[in-house]
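Summary of structural features
In case you want the letters, here they are:
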Amino acid sequence: MHVDEVLATTRAVRRRLDATRAVPAGLIRECVELALQAPAGSNVARARFVVVRDPALRAAVADVYSDVYRNSYADSAGYIGRVPTPDAAAAEVQQRTSRSADALERALHEVDTIVIACLDGARLDGVPAFASASLLGGVLPAVWSFMLAARARGLGTCWTTMHLAREREVADLLGIPFDSVQQVCLTPVAHTRGTGFRAASRPAVDEVVHWNGWDADRPRPPAVTGLITRGGVH
Ligand SMILES: Cc1cc2nc3c(=O)[nH]c(=O)nc-3n(C[C@H](O)[C@H](O)[C@H](O)COP(=O)(O)O)c2cc1C
């Protein structure tokens, strides 16, 4: 696959995760090896990949995800800027994403591999913006590279952060030192049913590129309005 195709078609795969085919550990290792080529602040490799393949542990992690998804996701809507919209087309996209999210919640209980990406060396609670940008910037490129590498190998992933509302429980389950390791992303990894994926609908380039300074006339995403209040942010 050409690199542009990988970049344009690495989707959040939820409905097409094939839980009937085992994912070889070697493929996971290859993806991590490529991920480690991503840039990292101060050239310190802080990205860590906790690969959960033990059935009991996997089920326990999936249970946490389900619990957050079913019981406290609505409360996070303002926090992540996912607000009800009067625009019918946008509402339809949101409904489709919700149905797809239902499928992911089920799939997490079926796939043989869940990967939790972490930042090793700091928690981001209360950290100033410049430091959190630097620290997150030290690991998120690696996580995305992992997903691109997976796509190039016929594997599907889906970036999720929902379980972070119960991050400490997952830390305890997996022995992740909560005080010094920040979980940043949870993803299933599975072969995809079929390998053809389309580019998604995204904002036009001219909406998001500001030449020579901020252009106040551009459309803006919904403002982030608050913090998750129920379900607990640790
Ligand atoms: C930071 C971040 C957090 C996300 N959290 C979740 C999540 O908790 N659950 C989920 O189903 N999808 C989650 N997603 C996936 C997005 O919903 C998905 O990228 C978006 O709907 C666009 O889909 P596409 O990339 O296939 O076009 C997350 C994506 C990002 C980048």
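Residues numbered from 1 in each chain as written. Predicted model: local features only at pLDDT ≥ 70, side-chain atom pairs only at ≥ 80, totals over all residues. Heavy atoms only, no water.

1. A look at the pairing of strand β3 (residues 113–120)
- Here β3 lies mainly inside the structure; 7 of its 8 residues are buried.
- Judged from the 6 bridges that link them, strand β2 (residues 47–52) and β3 form a sheet pairing that is antiparallel. From the neighbouring strand, Ala47 faces β3, where its bridge partner is Leu119.
- Sheet topology note: the β3/strand β5 (residues 181–192) ladder contains 8 bridges and is antiparallel. Across the sheet, Cys118 pairs through a bridge with Gln183, a residue of β5. (Buried < 20%, exposed > 50% of the residue type's maximum accessible area, 1.4 Å probe, protein only. Helix = DSSP H or I, 4+ residues; strand = E, 2+ residues; numbered from the N terminus. Pairing = 2+ DSSP bridges.)

2. Observations concerning the site of the ligand
- Taken together, the neighbourhood of the ligand is formed by 13 residues, with Arg11, Ala12, Arg14, Tyr65 and Trp159 sitting nearest.
- A distance of 2.8 Å is found between an oxygen atom of the ligand and a backbone nitrogen or oxygen belonging to Ala12.
- Between the ligand and Arg14 there is a distance of 2.8 Å, counted from a nitrogen atom to a side-chain nitrogen or oxygen.
- Taking 620 Å² as the accessible area of the ligand by itself, protein coverage stands at 64%.
- A class-by-class count of the residues in the shell around the ligand yields 7 nonpolar, 3 polar and 3 charged. (Near = heavy atom within 4 Å. Polar contact = N/O pair within 3.5 Å; in protein donor to acceptor, adjacent residues only side chain to side chain. Areas by Shrake-Rupley, 256 points an atom, 1.4 Å probe, with all protein chains shown as cover. Nonpolar A, V, L, I, M, F, W, Y, C, P; charged D, E, K, R; others polar.)

3. Some points on the confidence of the model for the protein
- Here the protein averages 90 in pLDDT, while 90% of its residues score no lower than 70.
- Predicted confidence is poor over residues 228–234, with pLDDT under 50, and the contacts of this stretch with residues over four places away or in other chains come to 19 contacts. (pLDDT = per-residue confidence, 0-100. Contact = heavy atoms within 4.5 Å.)

4. Here's the deal with the pattern of salt bridges
- Per the counting criterion, the structure on display carries 8 salt bridges.
- A salt bridge links Arg70 to Glu105; its shortest N-O distance comes to 2.8 Å. Pair noted here: Arg70 is in helix α3 (residues 55–71) and Glu105 is in helix α5 (residues 88–107), with a separation of 35 residues, a long-range link.
- Between Arg123 and Asp125 there is a salt bridge whose closest N-O contact spans 2.6 Å.
- Accessibility expressed as a relative area gives 12% for Arg123, which makes it buried.
- Asp125 gets classed as partly exposed once you look at its relative accessible area, which sits at 42%. (Salt bridge = Lys/Arg side-chain N within 4 Å of Asp/Glu carboxyl O.)

5. Remarks on the packing of helix α2 (residues 25–35) against helix α7 (residues 140–152)
- At their nearest, the axes of α2 and α7 sit 8 Å apart, and the two run at 135° to each other. By the angle between their directions, the pair α2 and α7 is classed as oblique. Classified by chirality, the crossing of α7 by α2 is right-handed. Here Ile28, Cys31, Val32, Leu34 and Ala35 of α2 come into contact with α7, specifically with Ala142, Ser145, Phe146, Ala149 and Ala150.
- Of the residues that constitute the contact of α2 with α7, the class distribution is 9 nonpolar, 1 polar and no charged. (Axes fitted to C-alpha atoms, helices over the stretch in contact; angles between N-to-C directions. Parallel < 35°, antiparallel > 145°, perpendicular 65-115°, else oblique. Left-handed = near helix turned anticlockwise from the far one by under 90°.)

6. With respect to a nonpolar patch on the surface
- On the surface, Val3, Leu7, Trp144 and Trp159 cluster together to form a nonpolar patch covering roughly 370 Å² of accessible area.
- For Trp159, the position within the fold is in the loop between β4 (155–156) and α8 (167–174). (Patch = residues over 30% accessible without salt bridge, like charges linked within 9 Å, V, L, I, M, F, W, Y side chains within 5 Å.)

7. A short note on α3
- Across its 17 residues, α3 extends 24 Å between first and last C-alpha, which sits within 8% of the 24 Å expected from 1.5 Å per residue.
- Of all the positions in α3, only Arg58, Val61, Ala62, Val64, Tyr65, Ser66, Val68 and Tyr69 are classed as buried.
- Contacts from the buried residues of α3 go to β2, α5, β3, α8 and β5.
- Residue Asp54 occupies the N-cap position of α3, its side-chain oxygen lying 3.1 Å from the main-chain nitrogen of Ala56. (Expected span 1.5 Å × (residues − 1).)

8. Focus on the packing of aromatic side chains
- Enumeration according to the criterion identifies 2 aromatic pairs in this entry.
- Judged by centre distance (5.3 Å) and plane angle (25°), the ring pair of Phe49 and Phe146 falls under stacked. Within this pair, whereas Phe49 is found in strand β2, its partner Phe146 is found in helix α7, the two being separated by 97 residues in sequence.
- The exposure class of Phe49 is buried, given its relative accessible area of 16%.
- Its relative accessible area of 1% is what places Phe146 among the buried residues.
- Measuring from centroid to centroid gives 6.4 Å for Tyr65 and Tyr69, while their planes differ by 15°, and the two rings are stacked. Taken together, the positions of Tyr65 and Tyr69, both in helix α3 and 4 residues apart, correspond to about one turn of that helix.
- Classification of Tyr65 as buried rests on a relative accessible area of 3%. (Phe/Tyr/Trp six-rings, centres within 6.5 Å; stacked < 30°, edge-to-face > 60°.)

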